[in-house]
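Inside the fold
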Amino acid sequence: MSSHVVPSNVNPNEPVADRRTVNPARVQLSGLFLAVGATAWAAGTIIVGDKILEGPQTLDTITGMLFVAGIFAYVWTVLSTRGAGDGWTRVIPAGLLVLLPGAFLLNALSFGYVGYDDFPPPLMILDACWPLSQLGMLVLGITIAVKRRHQGAFRWLPLLAGMWFPVAMAAQIFGGSTISVYVSAAWLLGTHAHLGVRLAARPIKL
């Protein structure tokens, strides 16, 4: 079987491996998952509102799981397309692929608990996967921007998406829980969902 090198819009001056190493349809599918997950969770957070402070809410939990699944699919795309580079920085998306299942499992196991204080110790440990994974997304966004393997919106939207967690926390501190819900939802739609739609409509060429 012969192999060939094709030009890339990831970096026009840098050839990449055989186009068949990553299926463009899978890249588009990951974008669809990301867009649907981010949109669903944004809507879920607005509907649930301040009730989330009382304890796990079914709608928020389900849509949160969809969001994490979409993020997982996107991070897989970054790793597969070498968006974080070929060196040691590949450990960043690889590490997220370990943390994100923990965040997903936290949501899945939280059904039936009235309050967060009712979580058993193993679930409290899993709870750390959520903030760690979101901070990891910020590091990943910075890495993608610095490495410049992806161009245009595919370079900068991941950085803006990674800023969701600190932006949401700042909105919580300075605007209160109600304001933070709308800021969070708007940021999810403008960054995560936007990035997902772009990937689904015009995937990164390999």
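Residues numbered from 1 in each chain as written. Predicted model: local features only at pLDDT ≥ 70, side-chain atom pairs only at ≥ 80, totals over all residues. Heavy atoms only, no water.

**Details of the overall build of the protein**
The condition that has to hold: A run of DSSP states H or I qualifies as a helix once it reaches four residues; a run of E qualifies as a strand once it reaches two. Both are numbered from the N-terminal end. Only protein chains enter the accessibility calculation, which uses a 1.4 Å probe; a residue is then buried when its area is under 20% of its type maximum, exposed when over 50%, and partly exposed in between. Contact criterion: two residues are considered in contact whenever any of their non-hydrogen atoms come within 4.5 Å of each other. Using a 1.4 Å probe, accessible areas were evaluated by the Shrake-Rupley method; residue-level cover was limited to the displayed protein chains.
Of the regular secondary structure elements, the protein holds 7 helices and 0 strands. Counted from the first residue to the last, the protein has its helices and strands arranged as α-α-α-α-α-α-α. Burial statistics for the protein: of 206 residues in total, 47% are counted as buried. Taking all contacts inside the protein whose residues are at least 6 apart in sequence as the whole, residues at least 24 apart take part in 73%. Split by element, the accessible area of the protein, about 10,300 Å² in all, is 69% carbon and sulfur.

**Remarks on the packing of helix H6 (residues 153-162) against helix H7 (residues 164-201)**
Note the cut-off: For helices, the axis comes from a line fit to the C-alpha atoms of the stretch in contact; other axes are also lines fit to C-alpha atoms, and the angle between any two N-to-C directions lies between 0 and 180 degrees. These descriptions rest on fixed angle ranges, namely under 35 degrees for roughly parallel, over 145 for roughly antiparallel, 65 to 115 for roughly perpendicular, and the rest for oblique. In a left-handed crossing the near helix is turned counterclockwise from the far helix by less than a right angle, and in a right-handed crossing that turn is clockwise. Basically, the charged four are Asp, Glu, Lys and Arg, the nonpolar ten are Ala, Val, Leu, Ile, Met, Phe, Trp, Tyr, Cys and Pro, and anything else, Gly included, counts as polar.
Viewed as axis vectors pointing N to C, H6 and H7 meet at an angle of 155°, and their least axial separation amounts to 8 Å. Relative to H7, the element H6 lies roughly antiparallel. Pair H6 / H7 crosses with left-handed handedness. Here Ala153, Phe154, Leu157, Pro158, Leu160, Ala161 and Gly162 of H6 lie close against H7, whose contacting residues are Trp164, Phe165, Pro166, Trp187, Gly190, Thr191, His192, His194, Leu195, Arg198 and Leu199. Its residues assigned to classes, the contact of H6 with H7 comprises 12 nonpolar, 5 polar and 1 charged.

**With respect to the pattern of salt bridges**
Quick reminder of the rule: Between Lys or Arg on one side and Asp or Glu on the other, a salt bridge is scored when a side-chain nitrogen of the former is within 4 Å of a carboxyl oxygen of the latter.
For the structure on display, the rule yields 2 salt bridges. Two residues, Asp86 and Arg82, come together in a salt bridge whose shortest N-O distance is 3.6 Å. What makes Asp86 partly exposed here is its relative accessible area of 46%. Sharing partners across several salt bridges, the network here consists of Arg82, Asp86 and Arg149.

**Some words on unusual backbone geometry**
The backbone of Arg82 shows a phi angle near 60°, a positive value even though the residue is not glycine. For Arg82, the position within the fold is in the loop between helix H2 (58-80) and helix H3 (91-109). A positive phi angle, near 60°, is found at Arg148, a position not held by glycine. Note that Arg148 resides in the loop between helix H5 (129-147) and H6.

**Here we look at the confidence of the model for the protein**
Stated formally: Confidence of the predictor in every single residue is expressed as pLDDT, which spans 0 to 100.
A residue-level look at the protein finds 88% of positions with pLDDT of 70 or above and a mean pLDDT of 88. For residues 1-10, every residue scores under 50 in pLDDT, and the model assigns this stretch 26 contacts once sequence neighbours within four places are set aside. Low pLDDT (under 50) marks residues 12-20, which in the prediction has 19 contacts with non-local residues, meaning those over four places away or in another chain.

**What about H3?**
As a reminder, the rule being used: A helix is expected to reach a length of 1.5 Å times the quantity of its residues less one.
Compared with an ideal rise of 1.5 Å per residue, which puts 19 residues at 27 Å, H3 spans 27 Å between its outermost C-alpha atoms and is within 8% of the ideal. Ile92, Pro93, Leu96, Leu97, Leu100, Gly102, Ala103, Leu106 and Asn107 are the residues of H3 that are buried. For H3, the secondary structure elements touched by its buried residues are H2, helix H4 (121-127) and H5.

**Some words on a nonpolar patch on the surface**
Put simply, the rule is: Patch construction takes residues with relative accessible area above 30% that form no salt bridge. Like charges are linked within 9 Å, and nonpolar side chains (Val, Leu, Ile, Met, Phe, Trp, Tyr) are linked within 5 Å.
Residues Leu29, Leu32, Phe33 and Val36 make up a contiguous nonpolar surface patch of about 360 Å² in total accessible area. With respect to the secondary-structure elements, Val36 resides in helix H1 (residues 24-48).

**Observations concerning the nonpolar core**
The cut-off we apply is this: Buried Ala, Val, Leu, Ile, Met, Phe, Trp, Tyr and Cys residues form a nonpolar core when they are joined through side-chain atoms within 4.5 Å.
The biggest cluster of nonpolar side chains holds 37 residues, and the ones touching the most others in it are Tyr74, Val75 and Leu140. Those elements giving two or more residues to this core turn out to be H1, H2, H3, H4, H5, H6 and H7.

**Re the packing of aromatic side chains**
As a reminder, the rule being used: Between the rings of Phe, Tyr and Trp (Trp by its six-membered ring), a pair exists once the centres lie within 6.5 Å; its type follows the angle of the planes, with under 30 degrees stacked, over 60 edge-to-face, and the other angles tilted.
Within this structure, the stated rule accounts for 8 aromatic pairs. Members of the aromatic cluster, joined through ring pairs, are Trp41, Phe67, Trp130, Trp164 and Phe165.

**Observations concerning the packing of H2 against H5**
Relative orientation of the contacting elements H2 and H5 amounts to 35°, with a least axis distance of 12 Å. Crossing hand, H2 versus H5: left-handed. Seen from H2, the contacting residues are Phe67, Val68, Ile71, Tyr74, Val75 and Val78; seen from H5, they are Trp130, Gln134, Met137, Leu140 and Ile144. A per-class count over the contact of H2 with H5 returns 10 nonpolar, 1 polar and no charged.

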